[in-house]
Every structure is written in C-alpha cells, then in structure tokens.
Amino acid sequence: MRTSCLLCAVVLTAASRLLAQDYEIRFERAYVEGQEYEITASGTDSNEMTWAAQGKESQTTVSSFAARLEGIVRVLEIDKLNQVKRLRLLVSAFWVSRNGSTNEVEVLPRWTHVMAESREGQKRFLVGDQPVSAETAEVLGAFISLSTTQTTDDDVFGSKGRKKVGDSWPVNCTNIVAGLSELGAVVVPDRCGGQAKVERLTVVDGVECLEISVRMDVDRVVTSSLRGLAAKDASVSASVSCSGEFPLDMSLNRLGEEETMRATAWAKVEPTADAPYDTVSMTTVLTARMRYRPIQPKHDW
C-alpha cells in the first residue's frame, strides 16, 4: 500500500511540474538557404460549384482529389522575415486519385525536380522552365509551404508571453486583416476570430515538441478571385482548424502539421456564350497532413 501511494505521489509530482513549466511560443523558425528536409504528405480536396442564371439553378459540378507526396526539399531563398520564398523539390513519389476513384495516377515520376517559388503573392511550380498544369499546382500548393505575404504565422497566431500546456490565447484579427489585404482580399476585424492552444508536450523522432492547435474563422471575405475564376463581389467564409509539432529547440523547424479547412463562397461572374451564368456558389473542404524530417544536405541534385 505504501509503495502504491509513493508511486502515485511521484507521478503526480512529475505531472504538476510538467504543467507548471512554461515555454516560448514561436511558429516561424530560422531557415537557412541550402538546408534540406524530407517531406511526407497526404491530403484531400472536395469542391462543389453551383452555377445559376437570373437566380435559377442551372448546373452543379463536383470535383475531388486525394493525393500523397514524398520527396526531399532544399531551401533556396528566404526573405528578411526568414520565410521560404523559393525551394526545390526532388520527387520520390507523387500520386493522385480524382473524383472518388480508387485508382491512383502518377502525377510526376520519381526523381523529377520541381522548382517552387513565391512571386507577387502567388505560388509557382516549374519543371525545367515550364509551369506544371493547374491541377498539379493545386495539389502541390496544398502541401508546399511558401511565403505569399509579409504577415507571418507569429503575427497571426503567436504569443509574446510564455505559455504552459493547456494555455490558450486569441488569434490576432488585425494581422489577419493585414495579411488578407496583401492578397487583395478585404475583411473587417470583427468578422474574424479564433484561438491558439498548447495541447501537450510530445516527442517526435526523439525531439521534444509542443503540439499547438489553432482554430480560426473568417466571415464575408471580399475578393476578386474565386478558385481561379475572375469574379465580382465574391464573398468567402471559412473555418480553419490546424495543429503543428514545434520543437522546444528553437533552432529546429516544425516537424509536422495538419490542417482542415471548410469554406463557402458566392460570387457574381460574367456570362459567356459557353457559360451563360451570372452567379456561382461553392463549398470546399480541404485536408492536409505533412511530416518533415531534417537531413544532411546532399550535393548530387
């Protein structure tokens, strides 16, 4: 009995010390040009678009994909905020199935080199000197993280104070508005909100990490582009849930992240002879899961 009580006391003491420990919160870590890491990613995207003319439903299209990507990434360029602006991906495996099919199609063969870069708020993906197809860019864009604004994750989700496991804090709506405005979108601060939270202390590949979750909602974002369509009076509402594993060692970058986004949108569009519709509504659900493993740079690619 005394032994059991002693063991309980030791466990409770260790747990209380863990909960009492506070940690620096930093999402963005210092990248170094030339550093490399392995990426393993998987995700899904489903999209339903309903086209209408003069307020009457005319046509509904449904599309989806499931994808998986494995490869090695080399950082080629970072900006003054230590965000990645350009990188090279060496593909190990890149497969996609579409519209509910269980048959995977190889998108890019093994050993393909893909150049990814951020220019004027847009991600571009090149093989050789040629852009990849729009469908391939859509999938790569879900997995490859590049800076498209001067607003960082720390600006939006970060905390200036140290936090303990279980602590939460609000996202910065002012900086969300600033980041969206850089992309040509408009939203007012009282139409966004959310919080970040330190979920737990965990170990990934032998590295101690904080698992931090973020939930964010934005409502009635006004934009001139809707999933590649030129649009008028486009309005988008979205709910985003994500989490990441961030090493306690601040010299190491995040080792994993997951994201789920649900969005609805409505917009006016210009009718054409082939598509005589004047409005479109859309519902999108996107999921992505990425794992990263730092490796020593290779000099043969």
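The coordinates are above.
Residues numbered from 1 in each chain as written. Predicted model: local features only at pLDDT ≥ 70, side-chain atom pairs only at ≥ 80, totals over all residues. Heavy atoms only, no water.

Participant: For this particular structure, what's the right way to read the overall build of the protein chain?
Facilitator: Helices and strands together make up the secondary structure of the protein chain, namely four helices and 15 strands. Taking the principal axes of its C-alpha atoms as reference, the protein chain extends roughly 85 × 50 × 40 Å. Burial status across the protein chain gives 40% buried among its 301 residues. Across the protein chain, the fraction of contacts at a sequence separation of at least 24, relative to all contacts at a separation of at least 6, is 65%. Across the protein chain, the centroid of the 34 positively charged side chains sits 5 Å from that of the 41 negatively charged ones. (Helix = DSSP H or I, 4+ residues; strand = E, 2+ residues; numbered from the N terminus. Buried < 20%, exposed > 50% of the residue type's maximum accessible area, 1.4 Å probe, protein only. Contact = heavy atoms within 4.5 Å. Lys, Arg positive; Asp, Glu negative; His and termini not counted. Charge placed at Lys NZ, Arg CZ, Asp CG, Glu CD.)

Participant: Explanation requested: the pattern of salt bridges in the structure shown.
Facilitator: Between side chains of opposite charge, a pair can form when the charged atoms approach closely. What the rule picks out here adds up to 18 salt bridges. Between R254 and D153 there is a salt bridge, and its shortest N-O distance comes to 3.2 Å. Here R254 is found in the loop between β13 (229-247) and β14 (256-268), whereas its partner D153 is found in helix α3 (residues 153-157), with 101 residues between them in sequence. Judged by relative accessible area, which is 14%, R254 ranks as buried. (Salt bridge = Lys/Arg side-chain N within 4 Å of Asp/Glu carboxyl O.)

Participant: Could you clarify how one ought to interpret the nonpolar core in this entry?
Facilitator: Soluble, globular proteins show a tendency: their nonpolar side chains are buried together. I25, F27, F157, I176 and I212 are the most contacted members of the largest nonpolar core, which totals 36 residues. Listed by contribution, the elements that provide at least two residues to this core are β2 (36-53), α3, α4 (173-182), β11 (192-204), β12 (207-226), β13, β14 and β15 (279-295). Of all the elements, β12 adds the most residues to this core, at six residues. Those residues in contact with F157 that sit more than four places away from it in its chain are F27, W169, V171, A196, V214 and M216. The next biggest cluster of nonpolar side chains, apart from the first, holds 29 residues, and it includes V91, V96, V132 and I144. (Core = buried A, V, L, I, M, F, W, Y, C linked by side-chain atoms within 4.5 Å.)

Participant: Help me out: how do you make sense of the packing of aromatic side chains in this one?
Facilitator: What characterises a pair of aromatic rings is the spacing of the ring centres plus the angle enclosed by the ring planes. For the coordinates displayed, the defined rule picks out four aromatic pairs. Consider the rings of Y37 and Y292, whose centres lie 5.6 Å apart with planes at 85°: the pair is edge-to-face. Linking Y37 in strand β2 with Y292 in strand β15, this pair joins segments that are 255 residues apart in sequence. Residues Y37 and Y292 agree in their burial class; the two are buried. An aromatic cluster of three or more residues is present, and its members are F27, F157 and F246. (Phe/Tyr/Trp six-rings, centres within 6.5 Å; stacked < 30°, edge-to-face > 60°.)

Participant: Honestly, the environment of I72 in this entry has me stumped. Any pointers?
Facilitator: Relative to the elements of secondary structure, I72 occurs in strand β3 (residues 56-78). A residue is classified by how much of its surface remains accessible, and I72, at 12% relative accessible area, is buried. In the structure, I72 is positioned 17 residues away from L89 in sequence and 5.7 Å away in space, judged by C-alpha atoms. Beyond its immediate chain neighbours, meaning those up to four positions away, I72 contacts E36, Y37, E38, R88, L89, L90, I295, K298 and W301.

Participant: Sorry if this is basic, but what is going on with unusual backbone geometry here?
Facilitator: A negative phi angle is the norm for most residues apart from glycine, just as the trans form is the norm for most peptide bonds. Here the phi dihedral of N99 falls at roughly 55°; this positive angle occurs in a residue that is not glycine. Accessibility expressed as a relative area gives 54% for N99, which makes it exposed. Here the phi dihedral of E120 falls at roughly 55°; this positive angle occurs in a residue that is not glycine. Here E120 shows up in the loop between β6 (113-119) and β7 (122-127). Overall, E120 belongs to the exposed group, its relative accessible area being 82%.

Participant: How should the pairing of β7 be read in this particular structure?
Facilitator: One face of the sheet, then the other: side chains in a regular strand alternate in exactly this way. Direction of pairing for β6 relative to β7: antiparallel, over a ladder of five bridges. Looking at the pairing, E117 lines up with R124 of β7. Sheet topology places β7 next to strand β8 (residues 130-131); two bridges connect them, and they run antiparallel. Its bridge partner being in β8, V127 is matched across the sheet by Q130. Adjacent in sequence and paired antiparallel, β7 and β8 are bridged by two residues, among which G128 carries a positive phi angle near 65°. (Pairing = 2+ DSSP bridges.)

Participant: Looking at this model, I keep getting lost on the pairing of β6. Mind explaining?
Facilitator: Across the seven residues of β6, five count as buried, placing the element largely inside the fold. Pairing geometry for strand β4 (residues 84-98) and β6, over five bridges, is antiparallel. By the bridge assignment, R88 is partnered in β6 with M115. Joining the antiparallel neighbours β6 and β7 is a turn of two residues, in which E120 adopts a positive phi near 55°.

Participant: Would you take a moment to explain helix α2 (residues 134-143) for this structure?
Facilitator: Because each turn of an α-helix spans 3.6 residues, side chains separated by three or four positions end up pointing in the same direction. Taken together, the buried positions of α2 are occupied by T136, V139, L140 and F143. With its buried residues spanning 95° around the axis, α2 presents them on a single face. (Arc of directions from axis to C-beta.)

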